[in-house]
Amino acid sequence: MINKVLTGSLIFSCLSIITVTSANGASVAEGKIIAQNVCQTCHGMDGIATIPVAANLSGQQEIYLLNQLKKFSSGKREDPQMSIIVKMLSDTDIENVAAYYSGIKISVEMPNLNQ
């Protein structure tokens, strides 16, 4: 019985570690800190934009967020605010914040066409 409890605890511990890193090994916890300090004013902590001109980030694919942030960083994509803000982030910061926002799960409700 003790072996089953220890095995269950070990499995749970391993799963907990897996959930705080992304597929790319980025730190979701570090991404949350960056979101709190840099992103939440426009994109919200839940990834739902707080202003009309900002994108909703929750539910986006991590690779999409990474690509867009890297485009802002390189100048291939421009926005008056994002072009400045993303330049304050390191490559690791970008990976972590993309991991955080892509890790937020959303649900979808289709429109009722019978109205």
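Here goes a summary of the coordinates provided. Just so we're clear, the structure is a prediction, and the values are computed from it rather than from any experiment.

**A word on helix α2 (residues 28–43)**
- Along its 16 residues, α2 runs just 16 Å from first to last C-alpha, ending more than 12% under the 22 Å computed at 1.5 Å per residue.
- Along α2, the sharpest kink reaches roughly 60°, centred on Asn-37.
- Those residues of α2 not exposed but buried are Gly-31, Ile-34, Ala-35, Cys-39 and His-43.
- Close packing links the buried residues of α2 with α4 (82–85) and α5 (91–102).
- After α2 finishes, the residue Gly-44 shows a positive phi value of roughly 70°.

**Some thoughts on the nonpolar core**
- Ranked by internal contacts, the top residues of the largest apolar core, which has 17 residues, are Ala-35, Cys-39, Leu-69, Val-86, Ile-94, Val-97 and Tyr-101.
- Elements supplying a minimum of two residues to this core: α2, α3 (62–74) and α5.
- Of all the elements, α5 adds the most residues to this core, at five residues.
- Once residues lying within four places of it in the same chain are set aside, the contact partners of Val-86 are Leu-69, Phe-72, Ser-73 and Ile-94.

**Some details on the packing of α3 against α5**
- Put simply, α3 and α5 touch, their axes get as near as 9 Å, and they point 140° apart. If you check the angle between α3 and α5, you find them oblique. The two elements α3 and α5 meet at a crossing, and its hand is right-handed. Here α3 contributes Glu-62, Leu-65, Leu-66, Leu-69 and Ser-73 to the contact with α5, which in turn contributes Ile-94, Glu-95, Val-97, Ala-98, Ala-99, Tyr-101 and Ser-102.
- Across the contact of α3 with α5, the residue classes tally to eight nonpolar, two polar and two charged.

Calculation notes
Residues numbered from 1 in each chain as written. Predicted model: local features only at pLDDT ≥ 70, side-chain atom pairs only at ≥ 80, totals over all residues. Heavy atoms only, no water. Helix = DSSP H or I, 4+ residues; strand = E, 2+ residues; numbered from the N terminus. Expected span 1.5 Å × (residues − 1). Bend = angle between axes of the 7 residues up to and from the residue. Buried < 20%, exposed > 50% of the residue type's maximum accessible area, 1.4 Å probe, protein only. Contact = heavy atoms within 4.5 Å. Core = buried A, V, L, I, M, F, W, Y, C linked by side-chain atoms within 4.5 Å. Axes fitted to C-alpha atoms, helices over the stretch in contact; angles between N-to-C directions. Parallel < 35°, antiparallel > 145°, perpendicular 65-115°, else oblique. Left-handed = near helix turned anticlockwise from the far one by under 90°. Nonpolar A, V, L, I, M, F, W, Y, C, P; charged D, E, K, R; others polar.

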